[in-house]
Amino acid sequence: MRGSCLCKSIEYEVDQLDTEIEHCACHTCRKAHAAAFNTAAGVKQAHFRWLKGAELLKHYESSPGKKRYFCSNCGSHLVAQKEGKAHLVLRVATLDDDPGQLPVQRIWASHAVPWLAYDSDIDSHAEWQPGHQ
Ligand SMILES: [Zn+2]
Ligand SMILES: [Zn+2]
């Protein structure tokens, strides 16, 4: 599977996801991704390769030993790495291919914003809502 940042300056390849996919609503993911939650899965280092643009990566150490890597051109977060861990934490939403598995759980629900309503039956639209300008 391949993935990329928003501006396509950085591309990567993963052989497989090595853990299940989960949604993380923790405070740092929310801020880092500017989203109510981040969708992540672990990938072993040996199963991950940068294809281009790795020199554009910057990182932010959001907690001691945990570095979040993002494109310095467009800001897309791509992976995180915690010291001493065998897995990279892949930002699954940056995949350009379907990993063929569904998220199994939500974590850090205690940090979830009050307006995050995963289970509500709010309307769902394939793209924009009808009438969006
Ligand atoms: Zn980019
Ligand atoms: Zn998180």
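Calculation criteria
- Residues numbered from 1 in each chain as written.
- Chains lettered and ligands numbered in written order.
- Predicted model: local features only at pLDDT ≥ 70, side-chain atom pairs only at ≥ 80, totals over all residues.
- Helix = DSSP H or I, 4+ residues; strand = E, 2+ residues; numbered from the N terminus.
- Rg over C-alpha atoms; globule rule 2.2 N^0.38 Å.
- Buried ≥ 20, exposed ≤ 12 C-beta atoms within 10 Å, placed from the backbone.
- Contact = placed C-beta atoms within 7 Å.
- Pairing = 2+ DSSP bridges.
- Axes fitted to C-alpha atoms, helices over the stretch in contact; angles between N-to-C directions.

What to know about the overall build of the chain
Check the secondary structure of the chain and you find one helix and 10 strands. N-terminal to C-terminal, the α/β element order of the chain is β-β-β-α-β-β-β-β-β-β-β. Its C-alpha atoms give the chain a radius of gyration of 15 Å, near enough to 14 Å, the size a compact globule of 133 residues would have. For the C-alpha atoms alone, the extent of the chain along its principal axes is close to 40 × 35 × 30 Å. By residue count, 25% of the 133 residues in the chain fall in the buried class. Contacts in the chain between residues at least 24 apart in sequence constitute 63% of all its contacts with a sequence separation of at least 6.

Section: the environment of leucine 51
Position of leucine 51 relative to the elements: it lies in strand β5 (residues 48–52). Given 12 C-beta atoms within a 10 Å radius, leucine 51 is considered exposed. For the pair formed by leucine 51 and serine 4, sequence separation is 47 residues and the distance between their alpha carbons is 9.4 Å. In contact with leucine 51, other than residues within four places in its own chain, are Glu11, Tyr12 and Glu13.

A look at unusual backbone geometry
Even without glycine at this site, alanine 34 takes up a positive phi of about 50°. Position of alanine 34 relative to the elements: it lies in the loop between α1 (27–33) and β4 (38–44). Here alanine 34 falls in the exposed class, since 9 other C-beta atoms lie within 10 Å of it. Within the chain, tryptophan 108 stands out as a residue other than glycine whose phi angle is a positive 55°. The residue tryptophan 108 is located in the segment after β10 (103–107) in this model. On the basis of neighbour counts, which here come to 17 C-beta atoms within 10 Å, the residue tryptophan 108 falls in the partly exposed class.

Here's the deal with the sheet that holds strand β8 (residues 77–82)
Read from one edge of the open sheet, seven strands run β6-β7-β8-β9-β4-β3-β10, paired in mixed fashion. The open sheet has two free edges, formed respectively by β6 (57–63) and β10, since each of these has just one partner strand. Sheet twist, expressed as the mean angle between neighbouring strand axes with direction ignored, is 30°. Of the pairings in the sheet, the one linking strand β7 (residues 66–71) to β8 comprises five bridges and is antiparallel in character. Residue pairing across strands places lysine 66 opposite lysine 82, the latter belonging to β8.

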